[in-house]
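Coordinate analysis (summary)
Residues per chain are reported as follows:
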Amino acid sequence: MCGILAVFGCVDNSQSKRSRIIELSRRLRHRGPDWSGLHCHDNCYLAHQRLAIVDPASGDQPLYNEDKTVVVTVNGEIYNHRKLREKLTSHQFRTGSDCEVIAHLYEEYGEEFVDMLDGMFSFVLLDTGDKSFIAARDAIGITPLYMGWGLDGSVWFASEMKALSDDCERFISFPPGHIYSSKQGGLRRWYNPPWFLEHIPSTPYDPLVLREAFEKAVIKRLMTDVPFGVLLSGGLDSSLVAAVASRYLVESEAACQWGSQLHTFCIGLKGSPDLKAAREVADYLRTRHHEFYFTVQEGIDALEEVIYHIETYDVTTIRASTPMFLMSRKIKSLGVKMVLSGEGSDEIFGGYLYFHKAPNKEELHQETCRKIKSLHLYDCLRANKSTSAWGVEARVPFLDKEFINLAMNIDPQWKMIRPDLGRIEKWVLRNAFDDEQKPYLPKHILYRQKEQFSDGVGYSWIDGLKDHANQQVTDSMLSHASFVYPENTPTTKEAYYYRTIFERFFPKNPARSTVPGGPSIACSTAKAVEWDAAWSKNLDPSGRAALGVHEAAYEEAVQAKNVTVMNGPQQKIQGTVENTATVA
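As annotated in an unreviewed UniProt entry, the chain carries the name Asparagine synthetase [glutamine-hydrolyzing] and comes from Rhododendron griersonianum. For the chain, the Catalytic activity (unreviewed entry) comment in UniProt is given as "L-aspartate + L-glutamine + ATP + H2O = L-asparagine + L-glutamate + AMP + diphosphate + H(+)". The heading Pathway (unreviewed entry) in the UniProt record of the chain holds the text "Amino-acid biosynthesis; L-asparagine biosynthesis."

See the structure below:
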């Protein structure tokens, strides 16, 4: 991941303003420690802090078209850049960077080229011919981007809030799947898939098509000129990423440079569920596995730095970001600059434990849509900023644009949790990779119960955070929370503690408004809390809040059919799915 900062329309375009832009850009240097670049044109500035993943030798930014009349600064990766270059044979490329295609696509197609990009990206582009500019963010918001406005009429864009919060009177999180055009004067959606409107799809489930789409998503993310690996928790999602990457690595260009043995990484408290499961998966896949340990106290000591980097006070995000932040530092120390991760699967397939209470397929589908739409405020934010804090890039194959569109077009009846049919959460994904002839994973890993990352690293981690917060926040402080923090008022001492740290770094009202609020149970949206009346009395963001629901959902089925989760589903892939008539 790189860091971008762009400012347009400054009243002051003196040397002091240039120095200020450089100073603010340095706040993003952790995102891109490999090179710094700046382009100035009258009162327009485009700054870049580069993390070199593709073409480290010549891909420094900002990037340009042939005559340098189009300037672009990009954070992210364009996986289909070679195919796009084939459409641009009349253009001359200066570098091997995947991001250079953006400047030439704009020349060729104008502002309507963004949907041609396959990747994760945030970019800002300046057309010096008329001093117009555009900014855009990828479909899901995998890469962060903020937009702000100065009192002098200037418009700002930055990868992180910390680069514009001091100089902007107002700023927002740039919405995913949108483009901002100075010519048209506002934001508009460029990503408009059918699922976004939450219409209920009816496409039959085809496990082989789903499997092939995910394999394609992983393979394209092996595009790298630097050492890389996979974040492996031992749960289904990260294990599938590792299994596919390991299977196809030998055929990739990356293997020619870095070898065909995949590196995997896991972190946890000693004795944690994730460490044990990850080791088993790594042994099965024969990866070069790296285990990292942390203590509760080490995590607590890192909290202030974590909140500064991830720029949120959301409790679940902070709980999960801290071990990921600590792990990323260890990964960087090994010389690794890019990792694949399993974010997004639970949102797409209804994998969180509270989905056991989904009353019907319509509400399940609508909840998955809501979850995907808010990923940029939660898991994408965590995965990107926790790793970027140490100059490591996280790639997320489950959030591949083509894969999401395919997976979200499956009739949601197949995603319903049906113990009577032996279907646990994310059954459609598990079943797609349940290959008897060439197994991807051991059966009990393929059907391992869902663990949230903050739980899986060790249950005492969350307990330790709560105990520490109880020591820092008094009953009186919490009782007056609505007066101190009238917006998104914290309801627990842990939430209050995180909020106080956040406010020290980001005291402006626009900053606190970038963080979502509302009731949640085990990572649900506020709407899903309505699925069970008892949940409103126990709004715990931890997955453990729904664990009893999870276990109860299977108890009856196990007694009736003598089927266990570890034995997997009744159906296997045989080219087509059988027993379709039994689906409710």
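This brings us to empty space enclosed by the protein. A full pass over the atoms with the stated rule returns six cavities of 30 Å³ or more. Considering only enclosed or pocket space, the largest cavity measures out at about 110 Å³ in volume. In terms of residues, the lining of the largest cavity owes the most to one element, helix 13 (residues 379-388), which gives four residues. Among the residues making up the lining of the largest cavity, the classes are represented as nine nonpolar, seven polar and three charged.

To continue, consider the layout of surface pockets. Space inside the second largest pocket adds up to approximately 630 Å³. If you trace the second largest pocket, you find 22 residues lining it, with Tyr79, Arg82, Ile219, Lys220 and Met223 closest to the centre. Contributing elements (two or more residues each) for the lining of the second largest pocket: helix 2 (81-86), helix 4 (207-220) and helix 6 (253-258). Looking at the lining of the second largest pocket, its residues break down into seven nonpolar, six polar and nine charged.

Once that is clear, we can look at the UniProt feature "domain: Glutamine amidotransferase type-2" (unreviewed entry) in the chain. The positions that UniProt labels "domain: Glutamine amidotransferase type-2" (unreviewed entry) are, in the present scheme, residues 2-185. Taken end to end, residues 2-185 comprises 15% helix and 34% strand; its first and last C-alpha atoms sit 27 Å apart.

Moving on, we come to the nonpolar core. Formed by 91 residues in total, the largest nonpolar core has its most connected members in Ile102, Phe123 and Ile140. Phe123 has contacts with Ile4, Val72, Thr73, Val74, Ile102, Phe113, Val114, Leu117, Ile134, Ala135 and Ala136, leaving out every residue within four places of it along the chain. Core analysis: the second largest hydrophobic core is formed by 61 residues, Ala158, Ile300, Ile331 and Ala383 among them.

The subject of this paragraph is the pairing of strand 7 (residues 132-137). If a strand is regular, its side chains alternate between the two faces of the sheet. Extensive coverage of strand 7 is indicated by the burial of six of its six residues. Of the two faces of strand 7, both are covered, the one formed by Ser132, Ile134 and Ala136 as well as the one formed by Phe133, Ala135 and Arg137. Here strand 6 (residues 119-127) folds back onto strand 7 in antiparallel fashion, the turn holding four residues, of which Lys131 has a positive phi close to 60°. The pairing of strand 7 with strand 11 (residues 178-181) spans three bridges and is antiparallel. The residue of strand 11 that forms the bridge with Ile134 is Ser181.

Reading the values: rules and limits
For every chain, the first residue of its written sequence is number 1, and the numbers climb from 1 along that sequence. Given that this is a predicted model, residues contribute local features only at a pLDDT of at least 70 and side-chain atom pairs are listed and counted only at 80 or more, while totals for whole chains, interfaces and linings are drawn from all residues. The basis for every side-chain value is the complete set of heavy atoms in the structure, and neither hydrogens nor water enter the calculation. UniProt positions are given in the numbering used here, feature names are shortened, and annotations may be inferred rather than shown by experiment. Only protein atoms enter the calculation, which uses a 1 Å grid: trapped sets of points that fit a 1.4 Å probe without letting it out are cavities, open sets showing protein on both sides within 12 Å along at least five of seven lines are pockets, and any residue with an atom within 4 Å of a point is a lining residue. Grid points are joined across faces, edges and corners, and a volume is the space filled by probe spheres set on the points. A run of DSSP states H or I qualifies as a helix once it reaches four residues; a run of E qualifies as a strand once it reaches two. Both are numbered from the N-terminal end. Basically, the charged four are Asp, Glu, Lys and Arg, the nonpolar ten are Ala, Val, Leu, Ile, Met, Phe, Trp, Tyr, Cys and Pro, and anything else, Gly included, counts as polar. Throughout, nonpolar core names a set of buried Ala, Val, Leu, Ile, Met, Phe, Trp, Tyr and Cys residues whose side chains join them through atoms within 4.5 Å. Three labels apply to residues, based on accessible area from a 1.4 Å probe with only protein chains included: buried if under 20% of the type maximum, exposed if over 50%, partly exposed otherwise in between. For this analysis, residues touch if any pair of their heavy atoms sits within 4.5 Å. Only when DSSP finds a minimum of two bridges between them are two strands counted as paired.

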